[in-house]
Amino acid sequence: SLDFWRLLYALLKQIHGGKWTESDAVDNQIRFVKSALWYHGYGRPELYQLPSDGSAGSRELLLAFSWLLHRLSLLEQLLARNRVKTGDETSVCMCEDDLPNSQKGTTEIAPEYGLEDRVDVRYLQWLNGRLRFQWRSLHAQHQEQCKLLHKIHLFTSGSHMDQILGHFSVTETDLVRQPENYKQLLQLLESETMQLEAFLEWKQLEPVYWQWMEAVLDNMAEEGNMSESQDAHVEKSGLPKENLCCPWADSLTEQIGRLSRDLMTLRDQLHKLITHRKAVWCEKVKTREEELQKEWFSVTARKIQESVELRLLDLAYLCAPKKKKKHGSCRLVFRSKHPASQMGFGRSVSKDPVSAVSATDVIRELQMREASLERELKQLQEECRRRLDEIAEGLDGVICISP
């Protein structure tokens, strides 16, 4: 089990882009693995109850590892992160902002890692300002990187044998300037080739692995049923034995019965109270509906119509025929009015790859998402103003001026 903890620690550290060393303390590794699994939505409580010394839990770790393989495409992500970089990549995301169903409702604080005290609002404002500043710095650096890439692609245009590209990448340009670095690049390419060969071997044996995992799950289900039956048997047979050997069991049974009767009485009273308050609330709602029909019917109808129109626009956008969304790292390729086919190489140029995406498509997609988010923001702001006005009406002697 300890080796399994270390394996998950190394894999998840790579997924989250962090550095890891074998000298890290075992409890820190286990804490990181639990937090990462909770972040990704793994909800099996037995894993989080495992001891922090790594002495137990090999089967639970096997289940967590299989869940990562299936849910996060763990091996594919590792291959994408460890492949040899050309230096021309950029991250593109044209997916929806909605969280997957598995991550909805997982915003609760992870066990044993919650905030003990309340956080000061001013500290959160300072963090927000710092985050905005770092975001602007990152954006400026990204713009500078794009300018340098454009220079490299422009100056080397027409020099590459691959006429789909027509220009050198950052790695190829560096090799032209420093040819002695080819040995290191060759080692990286050999390592990537070994990983790809291992991945192909895994894909051939993957069905056997999942058949084995089905057997593991069946065994766990049988053990769970056996433990439940044993617990039920102990519950049924335990009380008479206590009555025989414990002199205070009779008084305890009387107290339990008295508490049960009190709880039944409280339940009846709560049921009557809820019925009464529900009737009063229905009367208030009915009265409010009559007032709206008389005074604010037109205003309410206009707001409902605007809300419905916004929802219909979003629905039309969601129901539109979906193109294949782009997500992940993409290579930037220079496109000019004079492509490489006109530079004298004498080859016929094939069309762009199917997976290619132009900058205009990404910009158009982001503009549509921006408009949708702005509509939703305005709707939420209007709802907050209305709630604040309702609260202000109930305050005596207070004048509220809207911003």
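Refer to the structure above for everything that follows.
Quantities reported herein were computed from a predicted structural model and do not represent experimental measurements.

(A) Up close: the overall build of the protein chain. Along the backbone of the protein chain there are 11 helices and 2 strands. Put simply, the protein chain runs from its N terminus to its C terminus through helices and strands in the order α-α-α-α-α-β-α-α-α-α-α-β-α. With 403 residues in all, the protein chain has 18% of them scored as buried. Long-range contacts, defined as pairs at least 24 residues apart, comprise 71% of the intrachain contacts of the protein chain with a sequence gap of at least 6. Carbon and sulfur atoms form 58% of the exposed surface of the protein chain, whose accessible area is close to 31,700 Å².

(B) Fine view of unusual backbone geometry. Of note in this structure, Ser73 is not a glycine but carries a positive phi near 50°. Within the fold, Ser73 resides in the loop between helix H4 (58-71) and helix H5 (74-82). When its relative accessible area of 33% is taken as the criterion, Ser73 is described as partly exposed.

(C) Summary view of the packing of aromatic side chains. All chains considered together, the criterion is met by 8 aromatic pairs. Ring geometry for Trp38 versus Tyr48: centroids 5.2 Å apart, planes at 80°, classification edge-to-face. Within this pair, whereas Trp38 is found in helix H2 (residues 26-39), its partner Tyr48 is found in helix H3 (residues 45-48), the two being separated by 10 residues in sequence. Residue classification places Trp38 among the partly exposed positions, given a relative accessible area of 23%. Residue classification places Tyr48 among the buried residues on the basis of a relative accessible area of 8%. Judged by centre distance (5.8 Å) and plane angle (65°), the ring pair of Tyr209 and Trp212 falls under edge-to-face. A residue pair is termed a helical-turn pair when its members lie 3 or 4 positions apart in one helix, as Tyr209 and Trp212 do in helix H8 (residues 182-245) at 3 residues. Take Tyr209: its relative accessible area is 13%, and that puts it in the buried class. An aromatic cluster of three or more residues is present, and its members are Trp202, Tyr209, Trp210 and Trp212. Taking the ring centre of Phe32 as reference, the NZ or CZ of Lys13 above it sits at 4.7 Å.

(D) Structural view of the pattern of salt bridges. Under the counting rule described, the total for this entry stands at 8 salt bridges. Across the salt bridge formed by Arg6 and Asp3, the nearest N and O atoms sit 3.9 Å from each other. Remark: Asp3 and Arg6 occur in helix H1 (residues 2-15); sequence separation between them is 3 residues, near one turn of the helix. Between Glu383 and Arg387 there is a salt bridge; the shortest N-O distance is 2.7 Å. Placement of the pair is Glu383 and Arg387 together in helix H11 (residues 359-393), with a separation of 4 residues, close to one helical turn. Of the residues examined, Glu383 reaches a relative accessible area of 29% and is grouped as partly exposed. Each member of the salt-bridge network shares a partner with another, and the members are Arg44, Glu46 and Glu60.

(E) Spatial organisation of the environment of Leu47. Relative to the elements of secondary structure, Leu47 occurs in helix H3. Note on Leu47: relative accessible area 0%, which makes it buried. When the C-alpha atoms of Leu47 and Ala64 are compared, they prove to be 8.1 Å apart, with 17 residues separating the residues in sequence. If near-sequence neighbours (up to four positions away) are discounted, Leu47 is found in contact with Trp5, Lys34, Leu37, Tyr42, Glu60, Leu61 and Ala64.

(F) Molecular detail of a nonpolar patch on the surface. Residues Val119, Tyr123, Leu124, Trp126 and Leu127 make up a contiguous nonpolar surface patch of roughly 470 Å² in combined accessible area. Accessibility expressed as a relative area gives 32% for Leu127, which makes it partly exposed.

(G) Examining H4 more closely. With 14 residues, H4 extends 20 Å between its outermost C-alpha atoms, agreeing within 8% with the 20 Å of an ideal straight helix rising 1.5 Å per residue. Counting buried positions along H4 gives 10 out of 14 residues, so the element sits mostly inside the fold. All buried positions along H4 are accounted for by Glu60, Leu61, Leu62, Leu63, Ala64, Phe65, Ser66, Trp67, Leu68 and Leu69. Looking at the residues trailing H4, positive phi occurs at Ser73, about 50°.

(H) Highlighting the packing of H1 against H4. In contact at an axis separation of 10 Å, H1 and H4 are set at 25° when each is read in the N-to-C sense. Regarding the angle of H1 to H4, the classification is roughly parallel. The two elements H1 and H4 meet at a crossing, and its hand is left-handed. In contact with Phe4, Trp5, Leu8, Leu11 and Leu12 of H1, H4 contributes Ser58, Leu61, Leu62, Phe65 and Leu68. Classifying every residue of the contact of H1 with H4 gives 9 nonpolar, 1 polar and no charged.

Thresholds applied
- Residues numbered from 1 in each chain as written.
- Predicted model: local features only at pLDDT ≥ 70, side-chain atom pairs only at ≥ 80, totals over all residues.
- Heavy atoms only, no water.
- Helix = DSSP H or I, 4+ residues; strand = E, 2+ residues; numbered from the N terminus.
- Buried < 20%, exposed > 50% of the residue type's maximum accessible area, 1.4 Å probe, protein only.
- Contact = heavy atoms within 4.5 Å.
- Areas by Shrake-Rupley, 256 points an atom, 1.4 Å probe, with all protein chains shown as cover.
- Phe/Tyr/Trp six-rings, centres within 6.5 Å; stacked < 30°, edge-to-face > 60°.
- Lys NZ or Arg CZ within 6 Å of the ring centre and 35° of its normal.
- Salt bridge = Lys/Arg side-chain N within 4 Å of Asp/Glu carboxyl O.
- Patch = residues over 30% accessible without salt bridge, like charges linked within 9 Å, V, L, I, M, F, W, Y side chains within 5 Å.
- Expected span 1.5 Å × (residues − 1).
- Axes fitted to C-alpha atoms, helices over the stretch in contact; angles between N-to-C directions.
- Parallel < 35°, antiparallel > 145°, perpendicular 65-115°, else oblique.
- Left-handed = near helix turned anticlockwise from the far one by under 90°.
- Nonpolar A, V, L, I, M, F, W, Y, C, P; charged D, E, K, R; others polar.

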